[in-house]
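# Architecture at a glance
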Amino acid sequence: MIDTSGITMRFGTVEALTALDISVGDGVTGLVGANGAGKSTLIKILLGLLEPTSGTAHVLGHDIATESAEIRRLVGYMPEHDCLPPDVSASDFIVHMARMSGLPATAARERAADTLRHVGLDEERYRQMGGYSTGMKQRAKLAQALVHDPSLVFLDEPTNGLDPAARIDMLQLVQRIGRDFGIAVLVTSHLLGELEKVSDHVIVLDGGRLLQSSATSDFTQHTGGLLVEVLGGDAERDAFGEALARTGLTCRPRGQLVAVDPPPRDLSLHALVRDTAADLGLGLVRIQPDQAHLEDVFLTQGATHG
Amino acid sequence: MAERTGVIHDIGYRGYDGPREGTGALALTLYVTGLRHAFGLGRSGRSKVLPFLLLGLGVVPAVIVVGVVTMVRLNSLPVSYAAYLGQIQMLVTLFAAAQAPVLFSRDLRHRSIVLYLARPLPPALFALTRWASLASAILVFTLLPTLVLYGGGLLAGLDTGDETPVFLRSVALQLMLAALLAGITGLISSVALRRGFAVVASILALIVVAGVVLIVQEIAAYEGIEAVGEIAGLFSPWALHNGLAQAWEAGGRSTIVLTDAWAWTYLATALVVCAACLALLVRRFVKVGSR
């Protein structure tokens, strides 16, 4: 879907992207990075709205330097910021946007109605968008990105400003676009936890550099560590953690649990946990394998930005 | 709320394999939408009031003039085409100033320009199409009363051979005027994104300056220093139009009488100003796209 090689973007003395080589395939790809990591800049370059200082890229087989109009015909873009005129109804606006993507009038009306239904705007679609809640605005923005049946959509922070329930709805919608609609998705977020739930592949940017690009399962694989919970409160948890630490393991409290890092040598961690609990006379509630999270990429790979 | 009785069957996502229009057809769609929006068509009922009120005010006097010609049996129009436009210049300018923000400020202010620019139309073509919509709307605004004068005059028995060349020359000058007014008001509205600011700035740039130019021209004519009046005319689109309408017999009236060389200078000035406005508009939209 997307291939870039050596994309560098400089704004004056600031280097927003540095020699970026990434490739994006089918399904949902998460583009992760802190605010200012260069996610939006990269999307603008791929749309042909910004000319990179150096480097080349292909989107759907088209060169961004020479065929950007053709690319913009085949991709959809949902920008991060508010971009809806307040004095038009979603229905009229989405039809107009479909026409601006090249759909004939009848097809534009049909597709607009279909798309609005898919994103979950029902009767509200006939109301002026100025009165919409943030959740409805995000849905309308998503609808305009999908209305021309693109082969690829760029979703820039689709969960921005949404409450937890709306956030989950939006993420499920993103997942459906990638899996059921058959449209490749490049979705950005600065919240790492969100993307690990919906994306098949994750690209991590940091300060304009590629930190890591791999399948989501690689990020969230089992680390070999354990999470242990014992009966009682913080005092019991700390006593248990300290006892484990005395045997040479690295432990830290995580909520009500004690997180045990993977043991350095081949040792039966489960037996040790059991014995330690028995020695202290503490009741074990649960022992579960610890999973890595996307956040760990930033901790282990020495990110330069917070 | 009434309970929903119908059942919506989710038939899943359907793709689109039908034809997709080329860039030219897209620009045409945008042009037509823009032209309709300039008159408030396809927008809220309230936004139709001002353009149609102004249009009515611009046409009614022409109907009266035709009535007078018919009843009194004059053998020429008491107010000819370009001179009539000079009379309603305030209305034309107000129309341009009030409707330019509709086409140029809205997308920039609400940032919906980003959605347009993420679509196939290049930013430069977008800006030019918007300008073409506004220029056409202004042309419709000026053409309508002159058509009433021309058609009504012919029906009242005026000589076709006399009227037609004058009318056609006036239409040519209206083209120039519409292009200029659309360029200037469009440029102002693409920079001053609040509608009030854009309207006031356009009125300052067009009506107030035109007034000052007229005063300077009157004084120059009274004092007998033609050169000052001729140079002053270069600063207002209306003075350019009125001066050329007088010089090239498009049924115009002007305080100053242009020599041939000055007439060509006026035309060249109009073209240069229009081209400069277009270049700045294009630059503005290309820059917005990269932000």
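One structure accompanies this document, and this report is about it. (Residues numbered from 1 in each chain as written. Chains lettered and ligands numbered in written order. Predicted model: local features only at pLDDT ≥ 70, side-chain atom pairs only at ≥ 80, totals over all residues. Heavy atoms only, no water.)

Here we take up the overall build of chain B. Scanning chain B from terminus to terminus reveals eleven helices and zero strands. Written out in order from the N terminus, the α and β elements of chain B read α-α-α-α-α-α-α-α-α-α-α. Based on the C-alpha atoms only, the size of chain B along its principal axes is roughly 80 × 45 × 35 Å. Expressed as a percentage of its 291 residues, the buried residues of chain B come to 50%. Considering only intrachain contacts with a sequence separation of at least 6, the fraction spanning at least 24 residues in chain B is 76%. (Helix = DSSP H or I, 4+ residues; strand = E, 2+ residues; numbered from the N terminus. Buried < 20%, exposed > 50% of the residue type's maximum accessible area, 1.4 Å probe, protein only. Contact = heavy atoms within 4.5 Å.)

Looking only at helices and strands, chain A features eleven helices and 15 strands. Along the first, second and third principal axes, the C-alpha set of chain A runs to 75 × 45 × 30 Å. Per-residue burial for chain A yields a buried fraction of 51% across its 306 residues. When contacts within chain A are restricted to residue pairs at least 6 apart in sequence, long-range pairs at least 24 apart make up 68% of them. Summing over all exposed atoms, chain A offers an accessible surface of approximately 12900 Å²; the carbon and sulfur share of this is 50%. (Areas by Shrake-Rupley, 256 points an atom, 1.4 Å probe, with all protein chains shown as cover.)

Once that is clear, we can look at the packing of aromatic side chains. To describe a pair of aromatic rings, you give the distance between the ring centres and the angle between the ring planes. All names here are of chain B. Scanning the entire structure with this criterion turns up twelve aromatic pairs over all chains. Ring geometry for Trp-262 versus Tyr-266: centroids 6.3 Å apart, planes at 90°, classification edge-to-face. Taken together, the residues Trp-262 and Tyr-266, both in helix α11 (residues 260-289) and four residues apart, mark about one turn of the helix. We classify Trp-262 as partly exposed; its relative accessible area is 23%. One aromatic cluster is present, formed by Phe-39, Phe-52, Phe-95 and Phe-141 through successive ring pairs. Sitting over the face of the ring of Tyr-116, Arg-130 holds its NZ or CZ atom 5.9 Å from the ring centroid. (Phe/Tyr/Trp six-rings, centres within 6.5 Å; stacked < 30°, edge-to-face > 60°. Lys NZ or Arg CZ within 6 Å of the ring centre and 35° of its normal.)

Moving on, we come to the interface of chain B and chain A. Contacts between chain B and chain A engage 36 residues on the former and 40 residues on the latter. Counting the surface lost from both chain B and chain A, the interface buries some 3500 Å², and carbon and sulfur atoms represent 53% of this. Considering only the surface of chain B that becomes buried against chain A, Tyr13(B), Arg20(B) and Arg119(B) emerge as the three largest contributors, covering 23% of it. Here Asp114(A) and Arg14(B) are joined by a salt bridge, their closest N and O atoms 3.0 Å apart. (Buried area = accessible area lost by both parts, 1.4 Å probe. Salt bridge = Lys/Arg side-chain N within 4 Å of Asp/Glu carboxyl O.)

The biggest cluster of nonpolar side chains holds 156 residues, and the ones touching the most others in it are Leu142(A), Phe154(A), Trp131(B) and Ile138(B). At 13 residues, helix α7 (residues 160-191) of chain B tops the list of elements feeding residues into this core. Excluding its chain neighbours within four sequence positions, the residues that come into contact with Trp131(B) are Phe104(B), Ala179(B), Ala182(B), Gly183(B), Cys274(B), Leu278(B) and Leu281(B). Leu249(A), Val260(A), Val273(A) and Leu282(A) belong to the second-largest nonpolar core, a separate cluster that totals twelve residues. (Core = buried A, V, L, I, M, F, W, Y, C linked by side-chain atoms within 4.5 Å.)

Quantified by volume, the largest pocket comes out at close to 1100 Å³. What lines the largest pocket is a set of 41 residues, and nearest its centre among them are Val88(A), His37(B), Gly42(B), Arg43(B) and Arg106(B). Going through the elements one at a time, α3 (90-100) and α4 (105-119) of chain A together with α1 (23-38), α2 (46-72) and α4 (89-109) of chain B are the ones with two or more residues in the lining of the largest pocket. (1 Å grid on protein atoms, 1.4 Å probe; cavity = no way out; pocket = protein on both sides within 12 Å on 5 of 7 lines; lining within 4 Å. Points joined across faces, edges and corners; volume = space filled by probe spheres on them.)

All names here are of chain B. Running from N to C, helix α10 (residues 237-247) and α11 cross one another at 145°; their axes reach a closest spacing of 10 Å. The handedness of the crossing between α10 and α11 is left-handed. The residues of α11 that touch α10, namely those facing Ala-239, Leu-240, Gly-243, Leu-244 and Ala-247, are Ala-263, Tyr-266, Leu-267, Thr-269 and Ala-270. Considered class by class, the residues forming the contact of α10 with α11 number eight nonpolar, two polar and no charged. (Axes fitted to C-alpha atoms, helices over the stretch in contact; angles between N-to-C directions. Left-handed = near helix turned anticlockwise from the far one by under 90°. Nonpolar A, V, L, I, M, F, W, Y, C, P; charged D, E, K, R; others polar.)

Turning our eyes to something else, we now look at the side chain of Ser91(A). Turning to its location among the elements, Ser91(A) is positioned in helix α3. Residues contacting Ser91(A), with those up to four places away along its chain left out, are Leu116(A), Arg125(A) and Tyr126(A).

All right, on to the state of the cysteines then. Each disulfide consists of one covalent bond between the sulfur atoms belonging to two cysteines. Residue and element names in this part refer to chain B. Taken as a whole and judged by the stated rule, the model has zero disulfides over all chains. With no disulfide of its own, Cys-277 lies closest to Cys-274 among cysteine sulfurs, the gap being 6.7 Å. Take Cys-277: its relative accessible area is 7%, and that puts it in the buried class. (Disulfide = S-S within 2.5 Å.)

Further remarks concern the sheet that holds strand β10 (residues 201-206) of chain A. Residues and elements named next belong to chain A. Sheet architecture is open: six strands sit in the order β7-β8-β9-β4-β10-β11, paired in mixed fashion. Bordering the open sheet on either side are β7 (75-78) and β11 (209-215), each of which pairs with just one other strand. Strand-to-strand, the axes of this sheet are offset by a mean angle of 15°, without reference to chain direction. Packing against the sheet, helix α6 (residues 164-179) makes contact with β4 (28-32), β8 (152-156) and β9 (184-189), and its axis sits at approximately 150° to β9. (Pairing = 2+ DSSP bridges.)

So, on to the pattern of salt bridges. Per the counting criterion, the structure on display carries 17 salt bridges over all chains. Two residues, Asp114(A) and Arg117(A), come together in a salt bridge whose shortest N-O distance is 3.7 Å. Pair noted here: Asp114(A) and Arg117(A) are both in helix α4, with a separation of three residues, about one helical turn. For Arg117(A), a relative accessible area of 22% puts it in the partly exposed group. For Arg139(A), the salt bridge is made with Asp169(A), and the minimal N-O distance between the two is 3.5 Å. One end of the pair, Arg139(A), is in helix α5 (residues 134-146); the other, Asp169(A), is in helix α6, with 30 residues separating them in the sequence. For Asp169(A), a relative accessible area of 38% puts it in the partly exposed group. Sharing partners across several salt bridges, the network here consists of Asp114(A), Arg117(A) and Arg14(B).

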